[in-house]
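Residues per chain, in single letters:
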Amino acid sequence: MNTVIRNGRLIDPANKRDEVADLAIVDGRIADLSEIRNPKSEIEEIDASNLIVSPGLIDLHVHLREPGFGWKETIESGARAAAAGGFTTIVCMPNTSPVADSPSTIAWIKDRAAEIACVHVLPTGTISKGLMGEELAPIGSLAQGGVVAITDDGRCVQNNELMRRAVEYARMVGLPVFDHCQDYNLVGNGVVHEGYWSTLLGLPGWPSAGEEAIVLRNVLLAELCDHHIHCQHISAAGSVRILREARARGVKISGEVCPHHIALTDDAIQNFDTNFKMNPPLRAQEDVAALLEGIADGTIGILCSDHAPHAQFEKEVEFDAAPFGIVGLETELGLFLDLLVHKNQTIDLPRLIEMYTVNPARLLQIEAGTLSPGRAADVTLIDPDLEWTFDASASQSISRNTPFNGWKLKGRAVRTIVGGQTVWKM
Amino acid sequence: MTELVKSQMRWQRKDLLGIRELSAEEIIFILDTADAFKEVGTRDIKKVPALRGKTLVNFFVEPSTRTRTSFEIAAIRLSADVINISANSSSLTKGETLKDTAKILEANHADIIVLRHSSSGAPQFLAERLTSSIINAGDGAHEHPTQALLDLYTIRSRKSAVAGLHVVIIGDILFSRVARSNIFGLLKLGARVTLVGPSTLVPREFEKLGVAVSYDLDRVLPTADVVNLLRIQHERQRKEYFPGIGEYIRLFGLTKERAKLLKPDCLIMHPGPINRGVEIDSELADGAQSVILDQVTNGLAIRMAVLYLCGGISGQ
């Protein structure tokens, strides 16, 4: 079946398009409108008046928990949550069980996704064997197995020499290196931002310097190896400053920001609610300001969720003992639209879409994130002004560990189309 | 018992989680209530029927002898039935969750649960989920409210008022729940507080709580009305915080020489257990200015007052 999406504001940053236009989909691909004018078959019409027609959104930082942790999330449920959030492509992290450090595990994830996921699921492999930070994972075999990046996310390779060799090796096979930036010595057993609230509550502090030290290490290694390192979930003001300086010198380094790090600050932990416990932790107001500045000036070019599902029984424990992380796929677009476009006016809509489409697609070197004719018809329809309330109990995810239940937000995806098929509709 | 209590205030809390959430009026109300119970301790028959028929569980997920014993004696004097349970948090992590264990205590009709736990916030976690009274007997580096109350009680009984006094707390402040609860309580009652210790264990961030921070003990001691010494440990997890006990004593130990800087009526306090010869000279710990054993005795009265007040609310 062929489809035409009519009268939407079509924003396609890769092609520098921002205009009210119709979009044609023929046989699951973006087509020229002329192909629709001579229809061989039935045409589905979608009215997109007052909506944004965006390339399908990409979230390059998601934990789908399979294989191994199906009680938290499955590839199927995570993909549904992604579709409900407006995402047509998600990149899943390798801290599963078994750890995704072998081609066989990657093959399992890809097979499972092909069988059951309603959006594209792209796996990553680990940097080190078993996430142990001691020996290189078989990065070449992982590349042949189809990973889009390597990362030890959730952990961080502490040995600078091993990290250097991983980056050199990844360059050979053309894979970007993603890094969860955390210096274990500086962070210790920290669970919340080291500052006023950690001091007041006696909770172990996680200092900003613990992130900044590794961001700086990554700048040095990206330069040394002339290869791309992408710093995951940046939370601290100093990290933004380091990235800005390095990128100005042309270093192949980038960063991403999650919505909770701009929507919330560390005062949210004062009731010991573990739905506010994530890694890196919620930081101070000046960090939020620095992240917004970094987003505004382009230092930060990618937005993502770090969707990290955990079961209620796992989170409902002592603050120290609770696992880090929150779900985010269904709230991230709404939060960023609300906070970046509407409230703070940090960026405009085309820029936000760029950060969710062409920018991650370029980093991942995948054919996604544009509405160019011939490309797979992955399209997200967004109502940027729709006011809605997030109800965690109605979430598509298996898990409910969110600090945003009941939040009123402005703007969200209303339809998600993957390969020409509507996979989710409000 | 109510006729023993002076104030007209009506106690509203089923739980005692920390000092930070209490008003000055509530703190004074507890101290006044403790006055009444202090008198009970001087009688031949040191027992009153206030909590007869109530069950108190001393639930200690971190080892403690002093605090547990004090709560146990206090509960027995109030005629409560007392059960002691110890666990270590690692077995809790592996097996039953804290929530499940506590729910089982509640299902066994525990009216009052006295919780000691290594995680900050654990008592609040239980209080939000149980109808039993939760009394915080120390949570992580967060609060140890009954210790602060007995310290305030001891100061008040020796100095008549807390307001206007200069209280110096010395030692490992960063990891100390005693320090935090004392800071909150002393400031609420109008005292001036100075923290002294190695910069690694007394970060400047504490100034934002409204206290002074100093690294020069000799300059602070002459104006002190009370010095409260915290136990200093140089174990595995503290090795990176200061070089060793010898240097600690040189810089921050209350030696006989240094004690000469104190005003003659300055009180010397210590929550125990004491490292004799480390944070305090052994003779000073037993000397005329020391109120360390008073603190222990006052602890009984304070804990009786807290159990009586909160236990009277539980299950209502």
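What comes next concerns the included structure. Just so we're clear, the structure is a prediction, and the values are computed from it rather than from any experiment.

**A word on the interface of chain A and chain B**
If you look at the interface, chain A gives 16 residues, while chain B gives 23 residues. Both sides together, the interface formed by chain A and chain B hides about 1700 Å², and carbon and sulfur atoms give 56% of it. Ranking the residues of chain A by area buried against chain B places Thr199, Glu316 and Glu318 of chain A at the top, with a combined share of 36%. At the surface where chain A touches chain B, the tally comes to two salt bridges. Glutamate 316 of chain A is paired through a salt bridge with lysine 99 of chain B; the nearest N and O atoms lie 3.1 Å apart. A breakdown of the residues in the side of chain A that touches chain B according to their chemical character gives eight nonpolar, five polar and three charged.

**What about the state of the cysteines?**
Enumeration according to the criterion identifies zero disulfides over all chains in this entry. Just so you know, cysteine 181 of chain A is unpaired, no disulfide at all, and the nearest cysteine sulfur is the one on cysteine 231 of chain A, 4.0 Å from it.

**Thoughts on the packing of helix H1 (residues 24-40) of chain B against helix H12 (residues 292-311) of chain B**
Residue and element names in this part refer to chain B. Axis separation between H1 and H12 bottoms out at 8 Å; the angle between their running directions is 115°. Between H1 and H12 lies a crossing of right-handed hand. Every residue of H12 that contacts H1 at Phe29, Ile30, Leu31, Thr33, Ala34, Phe37, Lys38 and Val40 is listed here: Thr297, Asn298, Ala301, Ile302, Met304, Ala305, Val306, Tyr308 and Leu309. By residue class, the composition of the contact of H1 with H12 is 13 nonpolar, three polar and one charged.

**Brief notes about the sheet that holds strand S3 (residues 112-117) of chain B**
Residues and elements named next belong to chain B. With parallel pairing, four strands are arranged side by side in an open sheet as S2-S1-S3-S4. In this open sheet, the two edge strands, each paired with only one partner strand, are strand S2 (81-86) and strand S4 (133-139). Taking the axes of each pair of neighbouring strands and ignoring which way they run, one obtains an average angle of 15° across the sheet. Note: strand S1 (residues 55-60) against S2, six bridges, orientation parallel. Within the sheet, the bridge partner assigned to leucine 56 lies in S2 and is valine 82. With respect to the sheet, helix H2 (residues 66-77) is in contact with S1, S2, S3 and S4, its orientation differing from that of S1 by roughly 180°. Packed on one face of the sheet, H12 meets S1, S3 and S4 and runs near 145° to S4.

Analysis parameters
- Residues numbered from 1 in each chain as written.
- Chains lettered and ligands numbered in written order.
- Predicted model: local features only at pLDDT ≥ 70, side-chain atom pairs only at ≥ 80, totals over all residues.
- Heavy atoms only, no water.
- Contact = heavy atoms within 4.5 Å.
- Buried area = accessible area lost by both parts, 1.4 Å probe.
- Salt bridge = Lys/Arg side-chain N within 4 Å of Asp/Glu carboxyl O.
- Nonpolar A, V, L, I, M, F, W, Y, C, P; charged D, E, K, R; others polar.
- Disulfide = S-S within 2.5 Å.
- Axes fitted to C-alpha atoms, helices over the stretch in contact; angles between N-to-C directions.
- Helix = DSSP H or I, 4+ residues; strand = E, 2+ residues; numbered from the N terminus.
- Left-handed = near helix turned anticlockwise from the far one by under 90°.
- Pairing = 2+ DSSP bridges.

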